[in-house]
Amino acid sequence: MEKKIKIFFFSLLLLSVFFLFLALPGLDWQNDWFFVVASLFFIILLVVGFFSLEKLIILLIIALPTFLKLNNFKLDVAKYFPSLKYYNLPINLTAIICSFLILLGIMAVFWQWPKVKTLPLKFILLLYSIFLIISMAWSENLSASLSGLVYSLAPLAIYIITYSYFSNHQGLIKIILASLISALAPLAIAVWQIATGAYFFEPDSSLARITGPFVHPNLFGLYLFIILGLTFSYFLAKKNKGLKNNFFLFLFAAAMAVILILTYSRVSWACLVLFLLIFTVLARYLLIFLAVLAPLAFFILAIFESIRSRVTETFASSFFNSWIARKNIWRVSWEEIMKKPIFGHGIGTSEMVIENAKNWRGGTSLPHSDFFLYGLELGFLGAVFFLSYTIGAIYYAGRTFLSLPDGNIKINAFGQEIEINFKTLAFGVLALLLSLILASFFESVSREIATQIIVWAVLGSLFSLKK
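Overview of the structure. (Residues numbered from 1 in each chain as written. Predicted model: local features only at pLDDT ≥ 70, side-chain atom pairs only at ≥ 80, totals over all residues. Heavy atoms only, no water.)

Moving on to the packing of aromatic side chains. Evaluation of the coordinates by the stated rule reveals 35 aromatic pairs. A ring pair is formed by Phe8 and Trp111, whose centres lie 5.2 Å apart and whose planes are at 80 degrees; its orientation type is edge-to-face. Here the residue Phe8 occupies a position in helix α1 (residues 2-23), and Trp111 occupies one in helix α4 (residues 93-111), the gap between them amounting to 103 residues. Both residues of the pair, Phe8 and Trp111, count as buried. Here Trp330 and Phe372 contribute two aromatic rings whose centre-to-centre distance is 5.8 Å and whose plane-to-plane angle is 5 degrees, an arrangement assigned as stacked. Of this pair, Trp330 sits in helix α15 (residues 322-337) while Phe372 sits in helix α17 (residues 370-403), and the two are 42 residues apart along the sequence. Overall, the relative accessible area of 17% leaves Trp330 in the buried class. Geometry around Tyr163 places Lys115 over its ring, the cationic atom sitting 4.8 Å from the centre. Sitting over the face of the ring of Phe401, Lys423 holds its NZ or CZ atom 4.6 Å from the ring centroid. (Phe/Tyr/Trp six-rings, centres within 6.5 Å; stacked < 30°, edge-to-face > 60°. Helix = DSSP H or I, 4+ residues; strand = E, 2+ residues; numbered from the N terminus. Buried < 20%, exposed > 50% of the residue type's maximum accessible area, 1.4 Å probe, protein only. Lys NZ or Arg CZ within 6 Å of the ring centre and 35° of its normal.)

The subject of this paragraph is the side chain of Ser444. Tracing the sequence through the fold places Ser444 in the loop between α18 (422-442) and α19 (449-463). Classification of Ser444 as buried rests on a relative accessible area of 11%. Excluding residues that lie within four positions of it along the chain, Ser444 makes contacts with Pro367, His368, Ser369, Asp370 and Leu373. (Contact = heavy atoms within 4.5 Å.)

This is the structure in structure tokens:
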């Protein structure tokens, strides 16, 4: 099997180098530098994969959130190859990574078929994937559907990969630690934005918000919530919780908490509170932590007017209130859903459909809800698939939690020997999934690619622990 993997990566490497040299004569080096950068990056990925598929997946998890910063740099692949000159195929690094993950996921099915046969949710996800592909037949915009298809299938692909290749306790910790490391560069970008005053401002709002490498503060907030939740779960699962051995973990969590506040993402704040409350079901001693945290939260509200106004704005009825804006978006979305209630308008078309249907200028055209997103793009059947795999993931996370022994297991991850209670860790993942349901009502969480890649990577490795 190892030999087949090496042959696969070596063949792709030769093809990539061949096509790069084929395109070089037609390059305008002043305008096409990104094509060369993207090609070299892909070649580096192939070299890493040739030597270690595991290290490649770890690298992709770490790099993806940071590369979102480069999403505005796109290249039209068709223009570099004469045979594709009649097509329009603009892609960015995120699309390259997601497409690569899908390819690796397909290959993992062949390489690890005996293992993949035991994959939880395999039938639901298979039917869902087929339906996504078929929906392109009635799509109102094939380019948008192709992009939506890639971003929808990539998390499912990494789910298969981690279930197959990170199928032990050590593998799960590697995935979680890689997810935590992925936040270092985004935190540095956020600090740089604060230092330079490069804030994000909503139209007709003076609230200065932090986006990190993401295009919107709410996306960054939800990503930080996931990382903070994994950090919290990992810490509580560790046997050694002393300050000396966890100083950098505490510092890391504190930095994320501060930046999460500065995103002013109320959905992310609410998800974090819900996550902590759910965790107290397992660890009652956390009630003491929450009792200490509550006065601190009220103190912050009393001192910082911007945070206080952000909370109170939720219950206001001004024209520019974001909840009022969401209601308008949802009203338009519902009207468009009723036009194609069974199959929807096609994968990836929700933003385009809302933009064409709304009767006001400016503002976002995102559906701001997973339920409206699936209703718009895939109709009633799509919404059923979304609910099925969401409930299924929660169900299997709960079963895995119940099946794991309540005791510490000694492992070695990245050269560090630690003792982890995987039952506690599994409960943390379950709490994250339950908390994300709240976010799905107010944000399109299922299309936030960095968040979904991390969640499904963790789920794949976690589910493999249940024998």
